[in-house]
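Residue strings, one per chain:
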Amino acid sequence: MREAIRLAEAGMRSSRGGPFGCVVVRRGKVVARGANQVTSTNDPTAHAEVIAIRGACARLKTFNLSDCELFTSCEPCPMCLAAIYWARIPKVYYGNTRADAAAIGFDDDHIYRQLALPPGDREVKMRPLLRKKAAGAFKAWARKPDKVAY
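What comes next is a walk through the structure. (Residues numbered from 1 in each chain as written. Predicted model: local features only at pLDDT ≥ 70, side-chain atom pairs only at ≥ 80, totals over all residues. Heavy atoms only, no water.)

This paragraph deals with helix α1 (residues 2-13). Relative to the 16 Å expected for 12 residues at 1.5 Å per residue, α1 spans 16 Å between its end C-alpha atoms, a close match to the ideal helical length. Among all positions of α1, only Ala4, Leu7, Ala8 and Gly11 are buried. Projected down its long axis, α1 shows its buried positions confined to an angular sector of 100°, all on one face. Of the residues in α1, the exposed ones pointing more than 90 degrees away from the buried face are Arg2 and Arg13. If you follow the buried residues of α1, they end up packed against β1 (21-26), β2 (29-35) and β3 (68-74). At the C-terminal side of α1, Ser15 shows a positive phi close to 60°. (Helix = DSSP H or I, 4+ residues; strand = E, 2+ residues; numbered from the N terminus. Expected span 1.5 Å × (residues − 1). Buried < 20%, exposed > 50% of the residue type's maximum accessible area, 1.4 Å probe, protein only. Arc of directions from axis to C-beta. Contact = heavy atoms within 4.5 Å.)

Attention now moves to the packing of helix α3 (residues 48-60) against helix α4 (residues 78-87). Two measures define how a pair of helices packs: the angle their axes make with one another and the distance between the axes. It is the contact of α3 with α4, at a shortest axis distance of 9 Å, that shows an interaxial angle of 20°. The orientation of α3 relative to α4 falls into the category roughly parallel. As for the relative orientation of α3 and α4, their crossing is left-handed in sense. Two secondary-structure elements touch here, α3 through Glu49, Val50 and Ile53 and α4 through Met79, Cys80, Ala83, Ile84 and Ala87. For the contact of α3 with α4, the class distribution of residues is seven nonpolar, no polar and one charged. (Axes fitted to C-alpha atoms, helices over the stretch in contact; angles between N-to-C directions. Parallel < 35°, antiparallel > 145°, perpendicular 65-115°, else oblique. Left-handed = near helix turned anticlockwise from the far one by under 90°. Nonpolar A, V, L, I, M, F, W, Y, C, P; charged D, E, K, R; others polar.)

Before going further, it helps to spend a moment on the packing of aromatic side chains. Counted according to the given criterion, the structure contains four aromatic pairs. Measuring from ring centre to ring centre gives 6.1 Å for Trp86 and Tyr150, while their planes differ by 55°; the resulting arrangement is tilted. One end of the pair, Trp86, is in helix α4; the other, Tyr150, is in the segment after α7 (131-143), with 64 residues separating them in the sequence. On the basis of relative accessible area, Trp86 is assigned to the exposed category, the value being 55%. Members of the aromatic cluster, each reached through a chain of ring pairs, are Phe63, Trp86 and Tyr150. Looking at Arg98, its charged tip hangs above the ring of Tyr112, at a distance of 3.9 Å from the centre. (Phe/Tyr/Trp six-rings, centres within 6.5 Å; stacked < 30°, edge-to-face > 60°. Lys NZ or Arg CZ within 6 Å of the ring centre and 35° of its normal.)

In structure tokens:
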């Protein structure tokens, strides 16, 4: 956790992004580090957790991090939490809470509230389009004998 906090402070001081840092640990050893780089890369997905997960997957040559733990300087936002689930990371330790983040202008609770709503009631308007056409890829995937399930 100290390394995640150090990364948060260093990234913020160097103006690479917000005050967020993260490390992925496997068997007691850090396998990847990440610091927020949203503003320096103009990438809204460049959160510390996403960068650390991408780094861990590349280094370990796997998309399954079920034998890893994640240490992050702040409770993960919904995007990062989803990435943690997709990576199958079973344990997360965090420093600041999402309420702490909201107090300095990072309001993830708004997104959490939006996710709880039915798609038609969310601020971002969503509607199905060309579902039958899109189903072709799903049907082909279901029949694909050499697919790698994840």
